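Geometric and topological summary
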Amino acid sequence: MLKAVVGHSNDPNTQSAIAEVLTRCKTALAGLSPQAGMLFAAMDFEHSEILAAIHQTFPNLQLIGGTSCGELSSVLGFQQDSLVLILFCSDEIEFQAAIGRNVSSDPVGIARQTVQSATASAQHPPVLCLTTPESLTVSGVSIVKGLQEALGKEVPIVGGSTSDQWDFKQTYQFFGTEVLSDALPILILSGPVLVGHGVATGWEPIGRTGVATKIENNVLYEIDGRPAVEFYQDCVGEVRLAPPYRLAVFESNRESWYMRTSNADNDSIGGTITFFADIPSQARVRAARGDRDEILNSVRASLQQALEHYPGTQPAIALLFSCSGRFQILGTRTQEEYQLLQPELPAGMVCAGFYTYGEIAPLRLEGETQLHHETFVTLLLGVE
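Structure report, in brief.

Thresholds, definitions, all that
Residues numbered from 1 in each chain as written. Predicted model: local features only at pLDDT ≥ 70, side-chain atom pairs only at ≥ 80, totals over all residues. Heavy atoms only, no water. Helix = DSSP H or I, 4+ residues; strand = E, 2+ residues; numbered from the N terminus. Rg over C-alpha atoms; globule rule 2.2 N^0.38 Å. Buried < 20%, exposed > 50% of the residue type's maximum accessible area, 1.4 Å probe, protein only. Lys, Arg positive; Asp, Glu negative; His and termini not counted. Charge placed at Lys NZ, Arg CZ, Asp CG, Glu CD. Patch = residues over 30% accessible without salt bridge, like charges linked within 9 Å, V, L, I, M, F, W, Y side chains within 5 Å. Areas by Shrake-Rupley, 256 points an atom, 1.4 Å probe, with all protein chains shown as cover. Salt bridge = Lys/Arg side-chain N within 4 Å of Asp/Glu carboxyl O. Phe/Tyr/Trp six-rings, centres within 6.5 Å; stacked < 30°, edge-to-face > 60°. Axes fitted to C-alpha atoms, helices over the stretch in contact; angles between N-to-C directions. Parallel < 35°, antiparallel > 145°, perpendicular 65-115°, else oblique. Left-handed = near helix turned anticlockwise from the far one by under 90°. Contact = heavy atoms within 4.5 Å.

**Side note on the overall build of the protein**
Secondary structure summary: the protein contains 8 helices and 25 strands in total. Its C-alpha atoms give the protein a radius of gyration of 20 Å, within 12% of the compact-globule value 21 Å for 384 residues. On the principal axes, the C-alpha backbone points of the protein span a range of 65 × 40 × 40 Å. Going through the 384 residues of the protein one by one, you find that 60% of them count as buried. Considering the protein, the positive charge centre built from 23 side chains and the negative charge centre built from 42 side chains are found 5 Å apart.

Here you go:
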């Protein structure tokens, strides 16, 4: 058995919001005791009060989560400045949460240690790792690398990096009753859980393929030995990167690709482009273009992939992770993401998710996990 319940409130008052969320959850639980949960919260709440209230109600809960740019659920759909709690109940699946602190000091090493801490007492090998890590102080690519090295390539890592409504000042991660920054919360699922995931962007690579010949982490200096901005001139005819254009980075020896987004501080004189996450040296890259309709329609493609990858017949839960960059492009149409997705979901499915600064998921079934931008990730969970 695997059951999930969701509480979602858009009340701006912290005490009222968490009271509403907990009342809804307790009613839906109908006497069951949850083993684990995830909390997605807007920046303006008193997060420590929320976590204390959850702990008082469910003292043995394995809880992770973080701050968001927007929230999603099967209760209220898309909301801003709201609070979402999803709780998991199972008599078959193990849930083990752990936290990595000061992750920027050694992201790969601390990620490995966090996995080791979470799995030390597990009775079964891990099947899935959920995570809501820091996004501003540390390379998300390094975090994913450390988690994958510790878990093995066969274990998918899915989640999203925490966000702060485009202030880019400080994000918060949740673990139990703690509100942290520069931290790595994870929740590992073991046992007979079935998993299906989908990744889609709505963006399309355009122009010729180049090679990132000079790059330092997330700063791209040269493509094919020429200033990076000149590559964009060839592809899109603009010296400075226009907001609708991003970079498609191709996996080694494959035609599958993930997105990287540039920030607004590109050096058009020096020709460099600064992205929000690292790009591998010598990676094959192309410019990418998308429009609002294609970006919106990608939510259906993400769900369809997840359903195709799901090995069972009836998933029970959907976790959704969408990029805050999509939010910026879609504007008031952002609410359409869930509106388009909801009719396609299996009847009665419980959903929860948030808008992130970086989505985390494998590109392919049984592929290595990647950090994404401008992407919609759907994760389906269930048991037979």
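The discussion continues.
**Description of a nonpolar patch on the surface**
Nonpolar side chains collect at one region of the surface, where Leu136, Trp166, Phe168 and Phe276 lie side by side and expose about 320 Å² of accessible area between them. A relative accessible area of 30% means that tryptophan 166 is categorised as partly exposed.

**Considering the packing of aromatic side chains**
With the rule as written, the count across this model stands at 10 aromatic pairs. A ring pair is formed by phenylalanine 78 and phenylalanine 327, whose centres lie 5.6 Å apart and whose planes are at 70 degrees; its orientation type is edge-to-face. Within this pair, whereas phenylalanine 78 is found in strand β5 (residues 77-79), its partner phenylalanine 327 is found in helix α7 (residues 324-330), the two being separated by 249 residues in sequence. When its relative accessible area of 17% is taken as the criterion, phenylalanine 78 is described as buried. For phenylalanine 327, a relative accessible area of 12% puts it in the buried group. Seen in terms of ring centroids, phenylalanine 78 and tyrosine 355 are 5.6 Å apart; in terms of plane orientation they differ by 80 degrees. Their pairing is edge-to-face. Note that phenylalanine 78 is positioned in strand β5 and tyrosine 355 in strand β22 (residues 350-356), a separation of 277 residues in sequence. For the residue pair phenylalanine 78 and tyrosine 355, the accessibility class agrees, reading buried in each case.

**Things to note about the packing of helix α3 (residues 107-119) against helix α4 (residues 140-151)**
Closest axis-to-axis distance for the α3/α4 pair is 7 Å, and the angle between their directions is 40 degrees. Compared by their axis directions, α3 and α4 come out oblique. Read as a crossing pair, α3 and α4 show a hand that is right-handed. For the pair α3 and α4, contact is made by Pro107, Val108, Ala111, Arg112 and Val115 and by Ser142, Ile143, Lys145, Gly146, Leu147, Glu149, Ala150 and Leu151, respectively.

**Describing unusual backbone geometry**
Although it is not a glycine, phenylalanine 168 adopts a positive phi angle of roughly 55 degrees. Backbone geometry places glutamate 374, a non-glycine residue, at a positive phi of 55 degrees. Position of glutamate 374 among the secondary structure elements: in the loop between β24 (369-372) and β25 (376-382). By relative accessible area, which is 1% here, glutamate 374 ends up buried.

**What to know about the pattern of salt bridges**
Under the criterion given, the structure shown has 14 salt bridges. A salt bridge links arginine 208 to aspartate 224; the shortest N-O distance between them is 2.7 Å. Remark: aspartate 224 occurs in the loop between β15 (219-223) and β16 (226-227) and arginine 208 occurs in strand β14 (residues 204-216); sequence separation between them is 16 residues. A salt bridge links glutamate 344 to arginine 300, with the shortest nitrogen-to-oxygen separation between them at 3.9 Å. With glutamate 344 in the loop between α8 (336-341) and β22 and arginine 300 in helix α6 (residues 292-309), the pair connects residues that are 44 residues apart, well separated along the chain. By relative accessible area, which is 43% here, glutamate 344 ends up partly exposed. On the basis of relative accessibility, which here comes to 34%, the residue arginine 300 falls in the partly exposed class. One network of salt bridges, in which partners are shared, links Arg208, Asp224, Arg226, Glu230 and Asp234.

Just distances and angles here, no functional claims.
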